[in-house]
Amino acid sequence: MRIDFLRSAVAAGLALHLAAGMGLPLAAGQGFAGAAAPAIGVVVTSGAFRLNHATVRSNATLFEGAMVEAGAAPARLALTSGAQLELETTSAGRVFGRHLALDHGAVRIDRAAGSASGFSAGFSVEARGLTIQPDASGSTGRIWLIGERRVEVSALTGSFRALNSQGMLIAKIVAGRSLALEPQLIPGRYRITGRLLRREGHFLLTDETTNVTVEVAGSVLSKPDFIRLLGQRAEFNGFARRGATPVSDAAQVVEVAQVTPAPPQGSAPAGPDGAGGTAPAGAGGSAGGASGGAGGGASGAAVSVTMIAIIGGVAAAAVVGGLAASGNLGGSTAPPVSR
Amino acid sequence: MFQSRLFARISILGFTLALGGTLRLALAEYTWRWGPKPGAEWPMTIGNSSYFKDWAERQPALALGALREALRLNPRDSTAWMALGLAAERNGDMEQAADSFFAAEQCDRQYLPVWTSANFFFRRGNDLQFWHAATRAAAMSYDDPAPLIELADHRQPGAIAALERLGESPHLERGYLRFLIGRSRWQEAAEVAARLSLHGDIPGNDGELLLNFTDRLIEANQGEAALAAWNRLQKFPAPDRAIRGKLVNRNFQRRPSGHGFDWRVTEPPRGSVHWAPSRLAFRLAEMTPDACILLEQPVVLDSGRYRLRFAYRTEGLAEKSGLRWTLLHDGRVEASSGVWDRTATKVSNGLVAEWNFRAAKAGLYELAWIYSRVPGTSHKEGRAELAFASLEAP
């Protein structure tokens, strides 16, 4: 056991050394001087791993598009861009200079880039059609594939942005938070909850689960009751309005089909149909209204989901407790949370 | 009395020393588990270099010092030398890095240190040292050499040139062949396969690899290379040697292998197929689909006219049997015969027929015997047999 630990430690050390060794000298114009091929980094592990389906021990040089499969020990990836990743045990992904396509398992981002000044195009992780981007070079976090469809993102330091397959911002995950994301069958669908604000004649809403601000539009806004929702907490159902340019600070214009007042945060739990979407931990089975509900409904294993949002066709649930259940976050056929 | 007191004092002293040693180990273990505070001096040097390697991982800023301490405790720890080399590479001290990797190789004359050196010199663009290390690594490689080959391939254009620099061996040749097949680099793969067919274990695993390579060449429409690869596999005398414009195993004397330029037999859905020397029989059922391929063989043709002669026999099938020959090129039908009925020339044990066709251009073709139900007829259970099929340019 201790020997394994020590081996891991040595492997991690090698990776860290190389990370700095490749990141910092590159900034100073050194790095892989004169290399004939564009090596993009180094992978180091304490045991064996697979590189392009060949078994390798200890360490290897990485090239663009290399498939890395960690074995019984995690594989540490130190890239010339300065990014440092740890592919967890039995995880696999294809590595490129600026991104990792996570195939299965989990990856930890220990450093997104060599330096803050060099973070113009930071490292990202692609997983199940989603793109997870650290917001800063110092952002650290973990991206984990769960079950067949779910991606969980945990931000340890800094923050991360999640984009859907169309490049639309669907979540901002700040330090200390975890979000479970699950692409839905209907792209562009929205079900978001937050306080409605008006700015320069536009209605804005920041979703409480995903931290994403959207501009709301549509015929619903012209109804006399709508103005009474200003400053109130409400749930909006709708679809992305294609081609529309939102006001600054908003990520997307949402054509609202249905608006429902939501109870203040921390109030009584949702009704039978999950009204309000503020189901307490473990109540996901009814809150989500979908098969399995809000992640907790299916297995309920060490998960506490406080809210489900659907944004840009991706269901998102804030996860407290670190481990997500393997249930369904809510299919596209899910009835609305509120009426 | 004196002796017993002396014995008691020695025992107490021994116990105290043992207790002290145990506490020291416990403290070292605790320090190792929780790590020293940044900038702290090493609290313990109790002879376990692993502690310091672990510290190097936990405190990257202290890595150089920790690794040096690990090496002071165990100068023959090759993993510590490798880690030190990588730490030096981080700091831009390439001379120190190279020295450390060299020291690692001196401590451990196995694959891993020399593989690590090869990677280092590759990254540094040091051709001379890279090839020096890579050649030694290649000589020690007993596992899959693909990662080493990938490095060499990036450094040296041309597989044969890279192989010659790495040091030729069947192990490397088969590794390189797999590497090139994986990248669809057919021409270079054919060159490496030619070498492997000379040095490799053709009756054994290498024969299978080369046969699979031939199939891949055929799939990739690399007719000439496939022909050469196939013929290299044929023993002398080589009845299955493939020649342009000729069919292999035309009398069905040998069981069709389904590989290379031999016949590929497909059992008809819900039917069956049976081979005996000089006889290949298909049983078609009433439930057999309207169209299916029964038999095919790749063949390299020049542009021009060809005549296919074949002997066949049917039993129980409709008058218009639905059996016909088809020539395919790149997956498209180039020519197709009429449906063979029972009006062909009768011989003692069946019918002999001919089909004349034209190949529009030189290249790799597939000659296929297919069943395609003739409109207006119904499926009937029956048999179709082939005794030979030969191709010639008239």
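This structure is a prediction, so every number in the text was calculated from the model and none was measured.

Regarding the overall build of chain B
Here comes step 1: The secondary structure content of chain B amounts to 13 helices and 11 strands.
Here comes step 2: Its C-alpha atoms give chain B a radius of gyration of 35 Å, more than 25% over the compact-globule value 21 Å for 394 residues.
Here comes step 3: In terms of overall dimensions, chain B has a C-alpha envelope of 120 × 55 × 40 Å along the principal axes.
Here comes step 4: Per-residue burial for chain B yields a buried fraction of 38% across its 394 residues.
Here comes step 5: The long-range fraction of contacts in chain B, counting pairs at least 24 apart against all pairs at least 6 apart in sequence, stands at 58%.

Description of the nonpolar core
Here is a general trend for soluble globular proteins: nonpolar side chains tend to be buried in one another's company.
Residue and element names in this part refer to chain B.
Here comes step 1: Core analysis: the biggest nonpolar cluster contains 178 residues, and Leu67, Ala118 and Ala134 have the highest contact counts within it.
Here comes step 2: At eight residues, helix α4 (residues 78–90) tops the list of elements feeding residues into this core.
Here comes step 3: In contact with alanine 134, other than residues within four places in its own chain, are Ala118, Leu148, Leu151, Ala152 and Leu166.

Structural notes on the packing of helix α11 (residues 186–199) of chain B against helix α13 (residues 223–233) of chain B
Residue and element names in this part refer to chain B.
Here comes step 1: Packing of α11 against α13 brings their axes to within 10 Å, and their N-to-C directions diverge by 10°. Viewed along their axes, α11 and α13 adopt a mutual orientation that is roughly parallel. Once α11 is placed against α13, the crossing between them reads as left-handed. Between α11 and α13, the contacting residues are Trp186, Ala190, Ala193, Ala194 and Ser197 on the first element and Ala225, Ala228, Ala229 and Arg232 on the second.

Quick word on the confidence of the model for chain A
Residues and elements named next belong to chain A.
Here comes step 1: Chain-level statistics for chain A give a pLDDT mean of 74 and a share of 68% at 70 or above.
Here comes step 2: The low-confidence segment residues 116–120, where pLDDT is below 50, has 10 contacts with residues more than four positions distant or belonging to other chains.
Here comes step 3: In this model, residues 330–339 is a region of pLDDT below 50 whose contacts with residues beyond four sequence positions or in other chains number 33 contacts.

Re the pairing of strand β11 (residues 140–146) of chain A
Residues and elements named next belong to chain A.
Here comes step 1: Note: strand β8 (residues 106–111) against β11, four bridges, orientation antiparallel. Opposite valine 107, over in β11, you have isoleucine 143 as the bridge partner.
Here comes step 2: Two elements, β11 and strand β12 (residues 150–157), share seven bridges in a ladder whose sense is antiparallel. Following the sheet pairing, arginine 142 is matched in β12 by serine 154.
Here comes step 3: Count of turn residues in the β11/β12 antiparallel hairpin: three residues, of which glycine 147 carries a positive phi of about 60°.

Focus on the confidence of the model for chain B
A low pLDDT means the predicted coordinates there should not be read in detail.
Here comes step 1: Per-chain confidence: chain B averages 87 in pLDDT, with 92% of residues scoring 70 or above.
Here comes step 2: Among the scores for the predicted complex, ipTM is 0.76 and pTM is 0.75.

A look at the sheet that holds strand β7 (residues 332–336) of chain B
All names here are of chain B.
Here comes step 1: Taken in spatial order, the five strands make up an open sheet running β1-β4-β10-β6-β7, and their pairing is antiparallel. The sheet is open, and its two borders are formed by β1 (264–265) and β7, each paired with just one other strand.
Here comes step 2: When strand β6 (residues 323–329) meets β7, the two strands line up antiparallel, connected through four bridges. Bridging across to β7, histidine 329 finds its partner in arginine 332.

Looking at the domain arrangement of chain A
All names here are of chain A.
Here comes step 1: Assigned domains of chain A: these are domain 1 (2–29 + 39–181) and domain 2 (182–339).
Here comes step 2: With 20 residues of domain 1 at the contact, the number on the domain 2 side is 21 residues.
Here comes step 3: When residues of the side of domain 1 that touches domain 2 are traced back to their parent elements, those giving at least two are β12, β14 (169–174) and β15 (178–183).
Here comes step 4: With five residues, the top contributor of residues to the side of domain 1 that touches domain 2 is β14.
Here comes step 5: Its residues assigned to classes, the side of domain 1 that touches domain 2 comprises 10 nonpolar, four polar and six charged.

Examining the domain arrangement of chain B
Residue and element names in this part refer to chain B.
Here comes step 1: What the domain assignment reports for chain B is domain 1 (26–233) and domain 2 (264–392).
Here comes step 2: Computed from C-alpha coordinates alone, the two centres of domain 1 and domain 2 are separated by 53 Å.
Here comes step 3: Listed per partner, the contact involves five residues of domain 1 and five residues of domain 2.
Here comes step 4: Sort the elements by how many residues they give to the side of domain 1 that touches domain 2 and α13 lands first, with three residues.
Here comes step 5: Counted by class, the side of domain 1 that touches domain 2 contains two nonpolar, two polar and one charged residues.

Some remarks on helix α8 (residues 146–155) of chain B
Here comes step 1: Among the 10 residues in α8(B), nine count as buried, and that is most of the element.
Here comes step 2: For α8(B), the complete set of buried residues consists of Ala146(B), Pro147(B), Leu148(B), Ile149(B), Glu150(B), Leu151(B), Ala152(B), Asp153(B) and Arg155(B).
Here comes step 3: As for α8(B), its buried residues are in contact with β1 (39–51) and β2 (54–63) of chain A together with α6 (111–124), α7 (127–140), α9 (159–166) and α10 (170–182) of chain B.

Side note on the packing of helix α3 (residues 63–73) of chain B against α4(B)
When two helices pack together, you describe them by how their axes are tilted relative to each other and by the distance separating the axes.
All names here are of chain B.
Here comes step 1: α4 packs onto α3 with a crossing angle of 155° between their chain directions and a minimal axis gap of 9 Å. Here α4 runs roughly antiparallel to α3, going by the angle between their axes. Between α3 and α4 lies a crossing of left-handed hand. Note on element contacts: α4 touches α3 through Ala80, Trp81, Ala83, Leu84 and Ala87, opposite Ala63, Leu64, Leu67, Ala70 and Leu71.
Here comes step 2: In terms of residue class, the contact of α3 with α4 is made up of 10 nonpolar, no polar and no charged.

A look at α10(B)
Residue and element names in this part refer to chain B.
Here comes step 1: The terminal C-alpha atoms of α10 lie 18 Å apart, and with 13 residues this matches the ideal 18 Å at 1.5 Å per residue to within 8%.
Here comes step 2: Taken together, the buried positions of α10 are Leu172, Glu173, Arg174, Gly175, Tyr176, Leu177, Arg178, Phe179 and Leu180.
Here comes step 3: The elements touched by buried residues of α10 are α7, α8, α9, α11 and α12 (205–219).
Here comes step 4: Once α10 ends, the next one or two residues include serine 184, with phi positive near 55°.

Section: the pairing of strand β6 (residues 92–95) of chain A
All names here are of chain A.
Here comes step 1: Here β6 shows one buried face, formed by Gly93 and Val95, and one open face, formed by Ala92 and Arg94.
Here comes step 2: Taken together, the four bridges between strand β3 (residues 66–70) and β6 define a ladder with antiparallel strand orientation. Looking across to β6, one finds that alanine 66 is bridged to valine 95.
Here comes step 3: Strand direction decides the pairing type here: β6 and strand β7 (residues 99–104), joined by four bridges, are antiparallel. Residue pairing for β7: valine 95 is matched across the bridge by leucine 100.
Here comes step 4: Counted between consecutive antiparallel strands, the loop separating β6 from β7 contains three residues.

Topic: the environment of His329(B)
Residues and elements named next belong to chain B.
Here comes step 1: Tracing the backbone through its elements, the reader meets histidine 329 in strand β6.
Here comes step 2: Here histidine 329 falls in the partly exposed class, since 17 other C-beta atoms lie within 10 Å of it.
Here comes step 3: Sequence separation between histidine 329 and threonine 16 is 313 residues; the distance between their C-alpha atoms is 89 Å.
Here comes step 4: The contact partners of histidine 329, leaving out residues within four places of it in the chain, are Glu334, Gly363 and Tyr365.

A closer look at the environment of Glu381(B)
Residues and elements named next belong to chain B.
Here comes step 1: Its location among the elements puts glutamate 381 in the loop between β10 (363–372) and β11 (382–392).
Here comes step 2: Note on glutamate 381: 15 C-beta atoms within 10 Å, which makes it partly exposed.
Here comes step 3: The spatial distance from the C-alpha of glutamate 381 to the C-alpha of methionine 287 is 8.3 Å, given a sequence separation of 94 residues.
Here comes step 4: For glutamate 381, the contacting residues outside a window of four places in its chain are Leu284, Ala285, Glu286 and Gly316.

Calculation notes
Residues numbered from 1 in each chain as written. Chains lettered and ligands numbered in written order. Predicted model: local features only at pLDDT ≥ 70, side-chain atom pairs only at ≥ 80, totals over all residues. Helix = DSSP H or I, 4+ residues; strand = E, 2+ residues; numbered from the N terminus. Rg over C-alpha atoms; globule rule 2.2 N^0.38 Å. Buried ≥ 20, exposed ≤ 12 C-beta atoms within 10 Å, placed from the backbone. Contact = placed C-beta atoms within 7 Å. Core = buried A, V, L, I, M, F, W, Y, C linked by C-beta atoms within 7 Å. Axes fitted to C-alpha atoms, helices over the stretch in contact; angles between N-to-C directions. Parallel < 35°, antiparallel > 145°, perpendicular 65-115°, else oblique. Left-handed = near helix turned anticlockwise from the far one by under 90°. pLDDT = per-residue confidence, 0-100. Pairing = 2+ DSSP bridges. Domains from an automatic or database assignment. Nonpolar A, V, L, I, M, F, W, Y, C, P; charged D, E, K, R; others polar. Expected span 1.5 Å × (residues − 1).

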